[in-house]
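# Architecture and fold: a report
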Amino acid sequence: MFKVISRSGDARPAHVAVVIPCYNYGRYLDMCVASVLTQAGVTTQVHIIDDASTDGSTEVAAAIAARDSRVRLTCHQENRGHIATYNEGLSVVDSDYVVLLSADDMLAPGALARATALMEKFPSVGLVYGHPQAFEAQPHQNGDRARNWSVWQGERWIKAQFRRGLGIISSPEAVVRTSVQHQVGYYRPELPHSGDLEMWLRIADVSDVGRVNGVDQAYRRLHAASMMTTGYGTLLRDLEERVKAYESFLAGSRLSARRIESLRSTVNRRMAMEALEWSASKCAAGDASTEDIAAALAFARSVFPAAETSIAYHDYLRQNGTPTSLSISGRLAAWRGSLNREFGSRVRWQQWRRYGI
């Protein structure tokens, strides 16, 4: 566990540093920064790092910094990429808490006060998140009062993430205790796509994890130029990058060798099932190439050698129309696989939306 310097009895409000990396998102900067500076119940400091934008972002950021002393600006003369920019900002913060906020996203009103109140109450918690509302034009307000809090012991939270096999924090809704951030380090350059996932796991390896329930904690903008839609667009590439993140975490984890092997087996099976479920759904819809499906099947076999004995594989065979000599139990398994594919993802989404895990 990390060592906490207690703020018990400290009358001053929590201080939160917000690092805002920006590359060609100048049109969103004013709204992004305003969402931080208007946070009630905390003091804030903003560090905009412009990564050699070509759209006038530097001028927009300079104007923001000129009118508010809480904002500082760093401008790169050459583009260094998002990982280097993230790490530059995170490595120098000296606040109580820190947030990494993309320039196209925003914090929800009251988000920082809610998150820091949880961490003030539970000094063992190093990471707090909540629900991120996805939006295109304008986010809608859904109130500012949390329903309740959830707090998980770190190893339990890690186990749930490996069982799910999919990151549950998109980033703007995450608030990290600065002492924990410095302890675990920063983003891995070799994980440009799945670095967030690996980072949250490292934090949970040394601290507990909390969630603010019942209210939006951040607003995540959806647009054609966002990193989520411009890179790593295929399922297979996404699965491969996720596997890298889990393996990177396990390589440096404090967990026992037995626990590590159990987690690896759990997540590899989940990754394989996702590839098989995708293959079955594409066969049913008839909108995927033979090459893409073959690659997904190869991936499933590589991470989970027993993939072909699974219900999901039987469902794929059924949807593909492959002649088989399936027994009655096999045909029933394939039918159950169809139900799992249809309702499983919906159930997982509902569980994430309500409970965040």
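Details of the structure are given in the entry above.
Here the structure is a predicted model, which is why all the values come from computation and not from measurement.

### Quick notes on the overall build of the protein chain
- Counting secondary structure elements, the protein chain contains 13 helices and nine strands.
- When burial is assessed residue by residue, the protein chain has 52% of its 357 residues classed as buried.
- The long-range share in the protein chain, meaning contacts at least 24 apart out of those at least 6 apart in sequence, stands at 82%.
- For the protein chain, the accessible surface area stands at approximately 16,700 Å², while carbon and sulfur atoms represent 53% of it.

### Digging into the nonpolar core
- Core analysis: the biggest nonpolar cluster contains 61 residues, and Leu-127, Trp-157, Phe-162 and Trp-200 have the highest contact counts within it.
- Examining the composition of this core, we find that 10 residues originate from one element, helix α10 (residues 257-285), more than from any other.
- Sequence-distant contacts of Leu-127, defined by excluding residues within four places in its chain, comprise Met-119, Trp-157, Ile-169, Ala-174, Val-175, Val-176, Trp-200, Ile-203, Ser-207, Asp-208, Val-209 and Gly-210.
- Counting 32 residues, the second largest nonpolar core, distinct from the first, contains Val-36, Ile-48, Leu-112 and Leu-118.

### Topic: the packing of helix α7 (residues 195-204) against helix α9 (residues 235-252)
- Orientation of α7 relative to α9, taken along the N-to-C sense of each, is 25°, at an axis distance of 8 Å. The pairing of α7 with α9 is recorded here as roughly parallel in orientation. Considering how the two elements wind past one another, α7 and α9 form a crossing that is right-handed. Contacts between α7 and α9 involve Leu-197, Glu-198, Leu-201 and Arg-202 on the former and, on the latter, Arg-242, Ala-245, Tyr-246, Ser-248 and Phe-249.

### Comments concerning unusual backbone geometry
- Here the phi dihedral of Ala-52 falls at roughly 60°; this positive angle occurs in a residue that is not glycine.
- With respect to the helices and strands, Ala-52 occurs in the loop between β2 (43-50) and α2 (57-67).
- In this structure, Ser-171 takes a positive phi of about 125° despite not being glycine.
- When its relative accessible area of 10% is taken as the criterion, Ser-171 is described as buried.

### Considerations on α7
- Burial analysis of α7 places nine of its 10 residues in the buried class, the great majority of the element.
- Within the span of α7, buried status applies to Gly-195, Leu-197, Glu-198, Met-199, Trp-200, Leu-201, Arg-202, Ile-203 and Ala-204.
- Buried residues along α7 sit against β6 (125-135), α5 (154-164), β8 (175-177), α6 (178-184), β9 (208-221) and α9.

### Focus on the pairing of strand β3 (residues 71-75)
- Note: β2 against β3, five bridges, orientation parallel. Its bridge partner lying in β3, Val-46 is registered against Val-71.
- Read as a crossover between parallel neighbours, the route from β2 over α2 to β3 is right-handed.

What counts, and at which threshold
Residues numbered from 1 in each chain as written. Predicted model: local features only at pLDDT ≥ 70, side-chain atom pairs only at ≥ 80, totals over all residues. Heavy atoms only, no water. Helix = DSSP H or I, 4+ residues; strand = E, 2+ residues; numbered from the N terminus. Buried < 20%, exposed > 50% of the residue type's maximum accessible area, 1.4 Å probe, protein only. Contact = heavy atoms within 4.5 Å. Areas by Shrake-Rupley, 256 points an atom, 1.4 Å probe, with all protein chains shown as cover. Core = buried A, V, L, I, M, F, W, Y, C linked by side-chain atoms within 4.5 Å. Axes fitted to C-alpha atoms, helices over the stretch in contact; angles between N-to-C directions. Parallel < 35°, antiparallel > 145°, perpendicular 65-115°, else oblique. Left-handed = near helix turned anticlockwise from the far one by under 90°. Pairing = 2+ DSSP bridges. Right-handed = clockwise from strand over helix to strand, strands pointing away.

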